[in-house]
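Residue-level structural notes
Here are the chains, one letter per residue:
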Amino acid sequence: MKKALLPLALLAAAASAHAVEHEVKMLDIGSDKETMVFEPAVLKIAPGDTVTFLPATRGHNVESKLVPDGAEAFKSEPDEKYSVKLDKEGVYIYVCPPHSMMNMVGVIQVGEATNMDTVNSRLPKLEKRAMSNKGRLTKYIEQLKGDSGDKPAEATATENQPADGNKAAAAQ
């Protein structure tokens, strides 16, 4: 029995070794001078990666508004760092509840965008609640269309790599 468990344990260890942690800041003013934003606002990641939301200024938290079928909804406490591991493929839409009327919204694509029909059908209702920054969510969703085969973004990832950033050496 122990011999049968060893390959499973090795597979689990190998899978977790490739998981990446991404950071998303919750900001009053973004680097582009837009108000009430998540940075990055659109994130493409691999299944099993973790996203950590960092409240850079007070008064923010994060709550999922749309998740793929079978995925768990998530919600953080105000002003708290919050991490969520996303295993289920599809598009996740989230908001900052205190600032949802200002369209403080973000999008995460995990693997393939398997639930785009649902996203597109819910988009008008999600946009309608915004009193300012109208069209922001639509703009973010447009960034996902036509490139669902892209690899997950690595520019926002923090992972254990050599100090010189040599990924080829790290892969060996």
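About the thresholds
Residues numbered from 1 in each chain as written. Predicted model: local features only at pLDDT ≥ 70, side-chain atom pairs only at ≥ 80, totals over all residues. Heavy atoms only, no water. Phe/Tyr/Trp six-rings, centres within 6.5 Å; stacked < 30°, edge-to-face > 60°. Helix = DSSP H or I, 4+ residues; strand = E, 2+ residues; numbered from the N terminus. Buried < 20%, exposed > 50% of the residue type's maximum accessible area, 1.4 Å probe, protein only. Salt bridge = Lys/Arg side-chain N within 4 Å of Asp/Glu carboxyl O. pLDDT = per-residue confidence, 0-100. Contact = heavy atoms within 4.5 Å. Expected span 1.5 Å × (residues − 1). Core = buried A, V, L, I, M, F, W, Y, C linked by side-chain atoms within 4.5 Å.

1. Digging into the packing of aromatic side chains
Any pair of aromatic rings gets described here by the distance separating the centres and the angle formed by the planes. Taken as a whole and judged by the stated rule, the model has five aromatic pairs. Their ring planes at 80° and their centres at 4.7 Å tell us that Phe 38 and Tyr 94 sit as a pair that is edge-to-face. Of this pair, Phe 38 sits in strand E2 (residues 35-39) while Tyr 94 sits in strand E7 (residues 90-95); the two residues are 56 residues apart in sequence, bridging distant segments of the chain. For Phe 38, a relative accessible area of 1% translates into the label buried. Classification of Tyr 94 as buried rests on a relative accessible area of 0%. Ring geometry for Phe 53 and Phe 74: centres 6.2 Å apart, planes at 25°, overall stacked.

2. Some thoughts on the pattern of salt bridges
Using the criterion set out here, one finds three salt bridges in the structure. A salt bridge links Arg 58 to Asp 79; its shortest N-O distance comes to 3.4 Å. Residue Arg 58 is found in the loop between strand E4 (49-55) and strand E5 (63-66), and its partner Asp 79 is found in the loop between E5 and strand E6 (82-86); the two are separated by 21 residues along the sequence. For Arg 58, a relative accessible area of 68% puts it in the exposed group.

3. A short note on the confidence of the model for the protein chain
For the protein chain, the average pLDDT comes to 83, and 74% of its residues sit at 70 or higher. Note that pLDDT drops below 50 for residues 148-172; the model gives that stretch 26 contacts with residues more than four away or on any other chain.

4. Observations regarding helix H2 (residues 116-128)
Residues that lie three or four places apart on an α-helix share one face, since the helix turns once every 3.6 residues. Compared with the 18 Å implied by 1.5 Å per residue over 13 residues, the 19 Å span of H2 between its first and last C-alpha is a close match. Regarding H2, the residues found buried are Met 116, Val 119, Leu 123, Leu 126 and Glu 127.

5. Points about the nonpolar core
Phe 38, Val 51, Phe 53, Phe 74, Leu 86, Tyr 94 and Ile 108 are the most contacted members of the largest nonpolar core, which has 19 residues in total. Sequence-distant contacts of Leu 86, defined by excluding residues within four places in its chain, comprise Ile 45, Ala 46, Pro 47, Gly 48, Asp 49, Val 51, Phe 74, Tyr 92, Ile 108 and Val 110.

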